[in-house]
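# Chain and residue survey
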Amino acid sequence: MQKIAIIGGGASGFFLGANLAPSFLVHIYEKATVPLQKVRASGGGRCNVTHACFDPSILTEFYPRGSRELRSIFYQFMCGDTMQWFEERKVPLKIEEDGRVFPISDNSLDVVETLIKENIKRKTQVHLQETVKAIKFENQRFKLETTQATEIFDAVVIASGSSRQMWELLKTLGHTVVAPVPSLFSFNCRDAFLKELPGTVFRNAEVQILDSSFRNAGDLLFTHRGFSGPAILVLSAWAARFLAEKKYQFQIQINFLGKTPDEILQGLKNFKKKHPQQLLTHHFPFELTKKFRKEFLKALEIPQERKYADLSNAEMQLIADFLSLKKFDIDGKITNKDEFVTAGGVDLKEIDFKNMQSKLIPNLFMLGEVLNIDAVTGGFNFQACWSEAAVLATYLNRL
Ligand SMILES: Cc1cc2nc3c(=O)[nH]c(=O)nc-3n(C[C@H](O)[C@H](O)[C@H](O)COP(=O)(O)OP(=O)(O)OC[C@H]3O[C@@H](n4cnc5c(N)ncnc54)[C@H](O)[C@@H]3O)c2cc1C
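No experiment lies behind these values; they were computed from the predicted model shown.

Moving on: the packing of helix 10 (residues 261-274) against helix 12 (residues 313-325). Between two packed helices, what matters for the description is the angle formed by their axes and the separation of those axes. In contact at an axis separation of 8 Å, helix 10 and helix 12 are set at 135 degrees when each is read in the N-to-C sense. Judged by the angle between their axes, helix 10 and helix 12 are oblique. Crossing handedness for the pair helix 10 and helix 12: right-handed. When helix 10 is examined against helix 12, the residues Pro261, Ile264, Leu265, Leu268, Lys269 and Lys272 are found in contact with a partner set consisting of Asn313, Met316, Gln317, Ile319, Ala320, Asp321, Leu323, Ser324 and Leu325. Considered class by class, the residues forming the contact of helix 10 with helix 12 number nine nonpolar, three polar and three charged.

Moving on, we get to the state of the cysteines. For the structure on display, the rule yields zero disulfides. The structure places no disulfide on Cys47, whose sulfur is separated from the nearest cysteine sulfur, that of Cys385, by 11 Å.

The subject of this paragraph is the domain arrangement of the protein. Often the size quoted for an interface is simply the accessible area lost on bringing the parts together. Segmentation of the protein into domains returns domain 1 (3-182 + 341-398) and domain 2 (185-335). For domain 1 versus domain 2, the separation of C-alpha centres amounts to 40 Å. Counting residues at the interface gives eleven residues for domain 1, matched by nine residues for domain 2. The junction of domain 1 with domain 2 conceals about 840 Å² of combined surface from both sides, 64% of it contributed by carbon and sulfur atoms. Taken together, domain 1 and domain 2 are joined by zero salt bridges.

Right, let's get into the sheet that holds strand 9 (residues 150-153). In space, the three strands of this open sheet follow the order 7-8-9, with antiparallel pairing throughout. Of all the strands in the sheet, the pair left with one neighbour each is strand 7 (132-138) and strand 9. Each strand of the sheet is rotated relative to its neighbour by a mean of 20 degrees, with strand direction disregarded. Where strand 7 meets strand 8 (residues 141-146), six bridges bridge the pair, whose relative direction is antiparallel. Bridging across to strand 8, Val132 finds its partner in Thr146.

What counts, and where the lines are drawn
Residues numbered from 1 in each chain as written. Predicted model: local features only at pLDDT ≥ 70, side-chain atom pairs only at ≥ 80, totals over all residues. Heavy atoms only, no water. Axes fitted to C-alpha atoms, helices over the stretch in contact; angles between N-to-C directions. Helix = DSSP H or I, 4+ residues; strand = E, 2+ residues; numbered from the N terminus. Parallel < 35°, antiparallel > 145°, perpendicular 65-115°, else oblique. Left-handed = near helix turned anticlockwise from the far one by under 90°. Contact = heavy atoms within 4.5 Å. Nonpolar A, V, L, I, M, F, W, Y, C, P; charged D, E, K, R; others polar. Disulfide = S-S within 2.5 Å. Domains from an automatic or database assignment. Buried area = accessible area lost by both parts, 1.4 Å probe. Salt bridge = Lys/Arg side-chain N within 4 Å of Asp/Glu carboxyl O. Pairing = 2+ DSSP bridges.

Structure, rendered in structure tokens:
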């Protein structure tokens with residue numbers, strides 16, 4: 001095998017190019033004017049390259065789609081390998097408190113320039129503003145029709161991200177595409193209760209999507225338009241397909257404190273016993289902002305100036321239920337501009353994960369978001385791209 005076409009000049013395409021042996025003639029086709037656009041914009045311009053997770057089995061838990069298939073891939077190329085790859089090429093990295101890994105410079109251009117430099121070094125031919133329009137498999141070789149030319153290749157790697165045009169093209173080659181739906185979004189909510197509370201954060205809240213088994217715990221944020229924060233974004237990823245089917249009209253139940261109604265009730269009773277003369281407005285046995293306390297007491301029609309001594313058992317039960325079982329109607333989604341991905345893509349059953357090869361057409365390979373693989377936020381989406389590309393490079397380099 002001599003001549004390889006990579007369709008898509010994004011994360012996975014450039015990482016593959018950078019790791020292929022110089023003996024191959026490699027052409028990358030990119031329809032945009034500049035390559036690696038998502039990498040440039042990633043992590044708010046800082047590029048969350050990977051995650052400090054060094055156990056392949058644990059790493060797979062961050063992938064709502066693709067976790068089973070990625071396991072063997074991660075055993076071959078893990079987050080530590082990614083870190084080593086970039087650091088050896090003079091992109092020093094840092095691990096933040098939550099495990100996300102960024103360049104020390106906080107500048108995604110360092111990652112972009114390294115990927116470009118490595119491809120220049122091995123003489124990859126990058127065709128910018130050249131869209132691949134058709135792929136034909138004839139006599140065990142590929143005929144690629146682009147907006148500028150027609151070329152013959154021994155192997156083709158599809159690294160086109162979430163491109164509908166490419167999914168349509170792959171269908172003509174016999175592949176099945178699981179319909180794409182958005183992942184990683186916030187929930188829109190018009191409930192009047194939220195009006196005065198944007199910016200309120202709850203540590204370790206629990207959010208459950210009613211009429212489903214989807215639930216998640218983590219930090220929850222009230223925004224001007226509804227709910228966001230890791231608890232919601234991660235939940236949206238796991239429930240992406242279910243919520244699309246519901247047309248983003250559903251109900252959630254929030255446990256603001258991550259405690260059972262009984263635990264909250266007991267906490268209130270104990271506090272009442274110890275501090276009967278305290279006012280609700282001044283003290284509360286659980287960590288909640290004063291503003292939030294004011295609003296939920298108003299919603300329950302319990303005066304804030306009430307002393308704990310005058311708080312009835314029924315009122316304490318109302319508070320406990322509100323804080324642990326509050327339901328909200330969700331009316332639509334809000335896409336997170338900093339990082340969003342698509343759930344859906346080429347059916348994983350049609351890919352051999354030993355080498356990322358199509359099971360339908362020999363020497364046709366696929367990497368990255370074109371596949372029905374996606375992760376929650378935290379650097380995991382890039383890690384899947386780097387690992388898949390590294391495994392494919394190893395396979396091709398050994399031929
Ligand atoms: C704003 C934003 C921020 C993000 N931040 C992070 C982050 O910090 N960490 C993380 O892990 N993930 C992040 N992600 C997700 C991550 O960027 C993607 O998962 C990753 O880029 C997918 O890589 P890919 O190679 O599959 O596709 P892409 O990087 O999307 O590259 C595909 C390329 O193919 C080109 N293409 C498509 N069709 C054709 C065609 N027919 N002919 C020629 N070229 C074609 C496209 O123009 C594109 O450049 C972010 C996503 C976004 C949108």
